[in-house]
Amino acid sequence: MPELPEVETVRRTLKNFIINRPLLDIDIYYDRIIQGDPVTFQKALQGETIIDIDRVGKYLIFLCQHHAFISHLRMEGKFHIVSSDEPISKHTHVVFHMDHHEDLRYLDTRKFGRMELIDPLHYKELPPLNKLGPEPFEITTEALYQRLHHCSLPLKTALLDQSIMCGIGNIYANEICFYMRIDPRTRASRLSQKRVDELRRVSIDVLNRAIEQGGTTIHSFDANGIHGLFQVELNVHGQKECPICHQPIKKVMVQNRGTYFCPHCQKKRY
Ligand SMILES: [Zn+2]
């Protein structure tokens, strides 16, 4: 599943290819990708020009002159830019025909992704974006401390709660707990303000490093399309051995999510 850094990579990559290009026509092959009426979606965007792409958490917002739409890739969603002659695959669900005989295509093997028209001026104050907490880049230590101090969830789970702080998914939540040298099952409320400040800085660092690594892929997209997935160096997530102490990484389920940590380096200290 793409996380914030991958979605940011998709945003930056797409911006290089589709800004100031017209959407001449839109074909929808699988209606359920569109939330709301697909015909309204088509009609609103037909003839529009994409002027910018914004991102809030894991949502992309395509801003046109008069309208805007929001896109969430969920598990497997990705965008391709291909010649209009390219055959439509069975996983192609939405096609935006642009100029120069090129298409922006949305593909999704799992069909979980969604697109929806949204108010271009007030989208941040409307659902679903208004339910999201601030990103780690935006929140203050004090505000994060207040939120975690009253939270009885395990830290790992609190990091995944998008209403506390948005943009951290399962992979980076595991990595952040590793950098903190903290057992992911530790209650979020046990963290001191000093540790919360560290948590905020570590979260920003982990996300920024991933965004930087994604940055190298910006100018090269291939037949795989733009899904922003790239090789990130992971310390614990999906790993067998701790890079510090070389002891085996342990996998447990924390609130139904696969959680990787080093029991030696990440001691429960509270
Ligand atoms: Zn270790």
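Residues numbered from 1 in each chain as written. Predicted model: local features only at pLDDT ≥ 70, side-chain atom pairs only at ≥ 80, totals over all residues. Heavy atoms only, no water.

(A) Local environment of the domain arrangement of the protein. Split by domain assignment, the protein resolves into domain 1 (4–131) and domain 2 (141–261). Here domain 1 and domain 2 have C-alpha centroids that lie 28 Å from each other. (Domains from an automatic or database assignment.)

(B) Broad picture of the nonpolar core. In terms of nonpolar packing, the biggest core is built from 28 residues, with L144, L148, L155, L159, I168, I176 and L199 touching the most fellow members. Taken together, the elements giving at least two residues each to this core come down to α3 (141–149), α4 (155–160), α5 (170–179) and α6 (193–215). The element best represented in this core is α6, accounting for seven residues. Dropping the residues within four chain positions of it, I176 is found in contact with L159, I168, L199, V202, S203 and V206. (Core = buried A, V, L, I, M, F, W, Y, C linked by side-chain atoms within 4.5 Å. Buried < 20%, exposed > 50% of the residue type's maximum accessible area, 1.4 Å probe, protein only. Helix = DSSP H or I, 4+ residues; strand = E, 2+ residues; numbered from the N terminus. Contact = heavy atoms within 4.5 Å.)

(C) Representation of the pattern of salt bridges. In total, this model carries 13 salt bridges according to the counting rule given. Notably, a salt bridge pairs E8 with R11, separated by 2.9 Å at the nearest N-O pair. Separated by three residues within a single helix, E8 and R11 lie in helix α1 (residues 4–18), roughly one turn from each other. Each of the two residues, E8 as well as R11, counts as buried. One salt bridge connects D197 with R200, and the closest N-O pair in it is separated by 3.3 Å. (Salt bridge = Lys/Arg side-chain N within 4 Å of Asp/Glu carboxyl O.)

(D) Here's a closer look at the environment of H100. Mapped onto the elements, H100 comes out in the loop between β7 (92–97) and β8 (102–107). For H100, a relative accessible area of 67% puts it in the exposed group. Sequence separation between H100 and L207 is 107 residues; the distance between their C-alpha atoms is 36 Å.

(E) Quick look at the packing of aromatic side chains. Counted under the stated rule, the structure contains seven aromatic pairs. Measuring from ring centre to ring centre gives 5.5 Å for F41 and F69, while their planes differ by 75°; the resulting arrangement is edge-to-face. Taken as a pair, F41 in helix α2 (residues 38–45) and F69 in strand β5 (residues 68–72) lie far apart in primary sequence, 28 residues in all. The burial state of F41 is the same as that of F69; both residues are buried. Ring-pair connections join several aromatic residues into one group, and the members of that group are F41, F62, F69, F79, F96 and Y106. When the ring centre of Y30 is taken as origin, the NZ or CZ atom of K111, which lies over that ring, is 4.3 Å away. Directly above the aromatic system of F178 lies the positively charged group of R181, at a separation of 4.6 Å from the ring centroid. (Phe/Tyr/Trp six-rings, centres within 6.5 Å; stacked < 30°, edge-to-face > 60°. Lys NZ or Arg CZ within 6 Å of the ring centre and 35° of its normal.)

(F) Looking closely at α1. An ideal rise of 1.5 Å per residue puts 21 Å on 15 residues; α1 measures up with 21 Å between its terminal C-alpha atoms. Of all 15 residues making up α1, 11 are buried, and the element is well covered by its neighbours. For α1, the full list of buried residues reads L4, P5, E6, V7, E8, T9, V10, R11, T13, L14 and I18. Taken from the residues just after α1, N20 is the one with a positive phi, measuring 65°. (Expected span 1.5 Å × (residues − 1).)

(G) Quick peek at the side chain of R21. As for its placement among the helices and strands, R21 is situated in the loop between α1 and β1 (25–28). R21 gets classed as buried once you look at its relative accessible area, which sits at 11%. If sequence neighbours within four positions are ignored, R21 has contacts with E48, T49, I50, M98, D99, H100 and E102.

(H) Quick peek at the sheet that holds strand β6 (residues 78–83). Read from one edge to the other, the open sheet built from four strands follows the order β1-β7-β8-β6, with strand pairing classed as antiparallel. Each edge of the open sheet is held by one strand with a lone partner, namely β1 and β6. Averaged over all pairs of adjacent strands, the angle between strand axes in this sheet comes to 20°, irrespective of strand direction. Here α1 sits on the sheet in contact with β6 and β8, set at roughly 20° to β6. Here α2 sits on the sheet and contacts β1 and β7; the angle it forms with β1, its principal contact strand, is near 160°. (Pairing = 2+ DSSP bridges. Axes fitted to C-alpha atoms, helices over the stretch in contact; angles between N-to-C directions.)

(I) Quick peek at unusual backbone geometry. Here P127 and P128 are connected by a cis peptide whose omega angle stands at 0°. Along the chain, P128 falls in the loop between β9 (114–118) and α3. Positive phi, normally seen in glycine, also occurs at R74, with a value near 50°. Tracing the backbone through its elements, the reader meets R74 in the loop between β5 and β6. The class of R74 is partly exposed, set by a relative accessible area of 33%. Non-glycine residue R181 carries a positive phi angle of around 55°. Take R181: it is sitting in the loop between α5 and α6.

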